[in-house]
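Descriptive analysis of the structure
Chain by chain, the residues:
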Amino acid sequence: GESEEHIREALLRTMEGHQRQILGTLTVEEIYKDRAAFSERVRELVHDDLKDMGFQLVSYTVTHIDDENGYMESLGATQTALVKREAAEGKSRNEAEALKKVAQY
């Protein structure tokens, strides 16, 4: 039979190949914002290959997305800043409305 290391490498190459295939069809924003859809596409693509190798994918979750240029980190920081700004604007609007109501009474 095959050595455990050889099997591990074959499985890793199979998973990496399918991930690269999917990544090539998505924008960075799509990957960042919808990890669940990416994971599902990987599961769908690897199913038959792993089955042919005598394996079954039980679980696959994307836990970290990164790139060499820091784009993903910047994208996350931009999204965080946007959410914080929108929250501050909403709070200001609510406070202004509350002051109007108090002024009316």
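Placed above this text is the structure.
Values in this document were obtained by computation on a predicted structure and should not be read as measured data. (Residues numbered from 1 in each chain as written. Predicted model: local features only at pLDDT ≥ 70, side-chain atom pairs only at ≥ 80, totals over all residues. Heavy atoms only, no water.)

**A closer look at the nonpolar core**
Quick note on the threshold: Here, nonpolar core refers to any group of buried Ala, Val, Leu, Ile, Met, Phe, Trp, Tyr and Cys residues whose side-chain atoms link them within 4.5 Å. Classification of residues uses two cut-offs on accessible area relative to the type maximum, computed with a 1.4 Å probe and protein chains only: under 20% is buried, over 50% is exposed, and between them is partly exposed. Secondary structure elements follow DSSP: runs of H or I no shorter than four residues count as helices, runs of E no shorter than two count as strands, and numbering proceeds from the N terminus. In what follows, a contact means two residues having at least one pair of non-hydrogen atoms within 4.5 Å.
Grouped together as the largest cluster of nonpolar side chains are 11 residues: Met15, Ile22, Leu26, Ile31, Phe38, Val42, Val46, Leu50, Tyr60, Val62 and Ile65. Listed by contribution, the elements that provide at least two residues to this core are helix H1 (4-23) and helix H3 (35-52). By residue number, the principal contributor to this core is H3, which donates 4 residues. What valine 62 contacts, discounting residues up to four positions off in sequence, is Arg35, Phe38 and Ser39.

**Notes on the pattern of salt bridges**
Using the following cut-off: What makes a salt bridge here is a side-chain nitrogen of Lys or Arg within 4 Å of a carboxyl oxygen of Asp or Glu, nothing more.
Under the defined criterion, the tally for this structure stands at 6 salt bridges. Here arginine 8 makes a salt bridge to glutamate 5, at a shortest N to O gap of 3.5 Å. Within this pair, arginine 8 and its partner glutamate 5 are both found in helix H1, separated by 3 residues, close to a single helical turn. We classify arginine 8 as partly exposed; its relative accessible area is 47%. Among the residues examined, glutamate 5 registers a relative accessible area of 42% and is labelled partly exposed. Note that lysine 100 and glutamate 97 form a salt bridge whose closest N and O atoms lie 3.5 Å from each other. Of the two residues, lysine 100 and glutamate 97 are both situated in helix H4 (residues 71-104); the distance of 3 residues between them amounts to about one turn of the helix. Under the relative-accessibility criterion, lysine 100 is labelled partly exposed at 48%. Note on glutamate 97: relative accessible area 40%, which makes it partly exposed.

**A word on H1**
The criterion, for reference: To estimate the expected span of a helix, count its residues, drop one, and scale the result by 1.5 Å.
With 20 residues, H1 extends 28 Å from end C-alpha to end C-alpha; this agrees with the ideal 28 Å at 1.5 Å per step. Elements that come into contact with the buried residues of H1 comprise H3.

**Describing the environment of glycine 17**
Structurally, glycine 17 is set in helix H1. Overall, the relative accessible area of 27% leaves glycine 17 in the partly exposed class. Taking C-alpha positions, glycine 17 is 9.9 Å from valine 42, a pair spaced 25 residues apart along the chain.

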